[in-house]
Amino acid sequence: MSTLKPLKIDIVSDVVCPWCYIGKRRIENALALVPDVPVEVRWRPFFLNNWVPREGISRDEYLTAKFGSVEAYKGIAGRVVTAAGEEGLTYRPELVKRQPNTIDCHRLIHWAEAQGTSAEMKQRLMELYFRDGGDLTDVNVLVQAAADVGLDADEVRKRLATDEDVALISGQAQEAADKGISGVPTFVFAQKYAVSGAQPADQLARAIRQVSGEINAQAAE
């Protein structure tokens, strides 16, 4: 019996993007619908707000710059809160007080990948931000999040104090932008088919099955 070639899925997203939070749950649900399809998932960085400085800014300042006013975001937020709730996720926009630059978050996800916990790291950071109003500009919050998924807290604190992998992460985010990815999440299947947006799990599952079938049919030729 021939073994199927795993389907590579690159997920380009940002930890402060609410639709990425929702999209992560939907792709996980999609994968549960196609348990027979082998996949390799990689989390790829994207900067939703690359203009936010490294130290972050206040949430009110951010919402005013991005949406015109804090009030203007409330209507948009309601829709996202509902969509998150439908996936069993909690988004409490009123708890968020600081808008971070996410390069350090992406560094943590990258470092967690070495021990196979990048998905858990991403989830932890998103929960901190969306559910708990955690300050992702606070190094203590980041170090604790890393420790929560099994990374060494002291080592992470030391690494965060350096520029380790800053250029790498920035380069990967730039590469995604250069390929025309402007909306996230974007799911890239087999490095050639891209699906943009937090699509429903059944649609993602269909795409996974279809592309897996194609790459395995080509491999068999």
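Structure first, text after, so check above.
Below or above, wherever it landed, is the structure these notes cover. Being a predicted model, the structure only gives us computed values, none of them experimental. (Residues numbered from 1 in each chain as written. Predicted model: local features only at pLDDT ≥ 70, side-chain atom pairs only at ≥ 80, totals over all residues. Heavy atoms only, no water.)

## Quick word on the pairing of strand 6 (residues 193-196)
To be explicit about the condition: Two strands are counted as paired when DSSP detects at least two bridges linking them. Secondary structure follows DSSP: runs of H or I at least 4 residues long count as helices, runs of E at least 2 residues long count as strands, and numbering of each begins at the N terminus.
Across 4 bridges, the pairing between strand 5 (residues 186-189) and strand 6 is antiparallel. Residue pairing in the sheet places Phe-189 in a bridge with Tyr-193 of strand 6. Linking strand 5 to strand 6, which pair antiparallel, is a turn of 3 residues; within it Ala-190 sits at a positive phi near 55°.

## A short note on the layout of surface pockets
The line we're drawing: Only protein atoms enter the calculation, which uses a 1 Å grid: trapped sets of points that fit a 1.4 Å probe without letting it out are cavities, open sets showing protein on both sides within 12 Å along at least five of seven lines are pockets, and any residue with an atom within 4 Å of a point is a lining residue. Grid points are joined across faces, edges and corners, and a volume is the space filled by probe spheres set on the points. Only Asp, Glu, Lys and Arg are considered charged, only Ala, Val, Leu, Ile, Met, Phe, Trp, Tyr, Cys and Pro nonpolar, and every remaining residue, Gly among them, polar.
The space that makes up the largest pocket amounts to roughly 330 Å³. Lining the largest pocket are 15 residues; nearest its centre among them are Asp-10, Val-12, Glu-175, Lys-179 and Val-188. Across the lining of the largest pocket, the residue classes break down as 7 nonpolar, 2 polar and 6 charged. The calculated volume of the second largest pocket comes to roughly 230 Å³. If you trace the second largest pocket, you find 19 residues lining it, with Cys-17, Pro-18, Leu-48, Phe-67 and Tyr-73 closest to the centre. For the lining of the second largest pocket, the secondary structure elements donating two or more residues are helix 1 (18-33), helix 2 (59-67), helix 3 (70-86) and helix 5 (118-131). No other element matches helix 2, which puts 5 residues into the lining of the second largest pocket. Class assignment for the residues of the lining of the second largest pocket results in 15 nonpolar, 2 polar and 2 charged.

## Overview of unusual backbone geometry
Omega for the bond connecting Val-184 with Pro-185 falls within 30 degrees of zero, at 5°, which places this linkage in the cis form. Residue position: Pro-185 is located in the loop between helix 8 (166-178) and strand 5. Even without glycine at this site, Ala-190 takes up a positive phi of about 55°.

## Topic: helix 3
Defined as follows: How far a helix is expected to stretch is found by multiplying one less than its residue total by 1.5 Å. Here the bend at each residue means the angle between axes fitted to two seven-residue stretches, the one ending at that residue and the one beginning there. Only protein chains enter the calculation, and the probe is 1.4 Å; a residue is then buried if its accessible area is under 20% of its type maximum, exposed if over 50%, and partly exposed in between. Working rule for contacts: check all heavy atoms of both residues, and any pair within 4.5 Å makes them a contact.
Relative to the 24 Å expected for 17 residues at 1.5 Å per residue, helix 3 spans 25 Å between its end C-alpha atoms, a close match to the ideal helical length. The sharpest bend along helix 3 reaches about 35° and sits at Ile-76. Inspection of helix 3 places Tyr-73, Ala-77, Val-80, Ala-83 and Ala-84 among the buried residues, and these make up the whole buried set. Residues of helix 3 that are buried in the fold lie against helix 1 and helix 2.

## Considering the pattern of salt bridges
Let me state the cut-off plainly: For salt bridges, the criterion is a side-chain nitrogen of Lys or Arg within 4 Å of an Asp or Glu carboxyl oxygen.
Across all of its chains, the model carries 17 salt bridges by this definition. Where Arg-26 meets Glu-87, a salt bridge forms, and the shortest distance between an N and an O atom there is 2.8 Å. Of this pair, Arg-26 sits in helix 1 while Glu-87 sits in the loop between helix 3 and strand 4 (98-99), placing them 61 residues apart in sequence. Glu-87 shares its class with Arg-26; the two are buried. Ionic pairing is found between Arg-124 and Asp-148, a salt bridge with its closest N-O pair at 2.8 Å. Note that Arg-124 is positioned in helix 5 and Asp-148 in helix 6 (residues 139-148), a separation of 24 residues in sequence. Salt bridges sharing common partners tie together Arg-124, Glu-127, Arg-131, Asp-132 and Asp-148.

## Looking at the state of the cysteines
We count it as follows: We call a pair of cysteine sulfur atoms a disulfide whenever their separation is within 2.5 Å.
Applying the stated criterion across every chain yields a total of 0 disulfides. Cys-20 provides the cysteine sulfur closest to Cys-105, a residue in no disulfide bond, and the two sulfurs are 13 Å apart. Overall, the relative accessible area of 0% leaves Cys-105 in the buried class.

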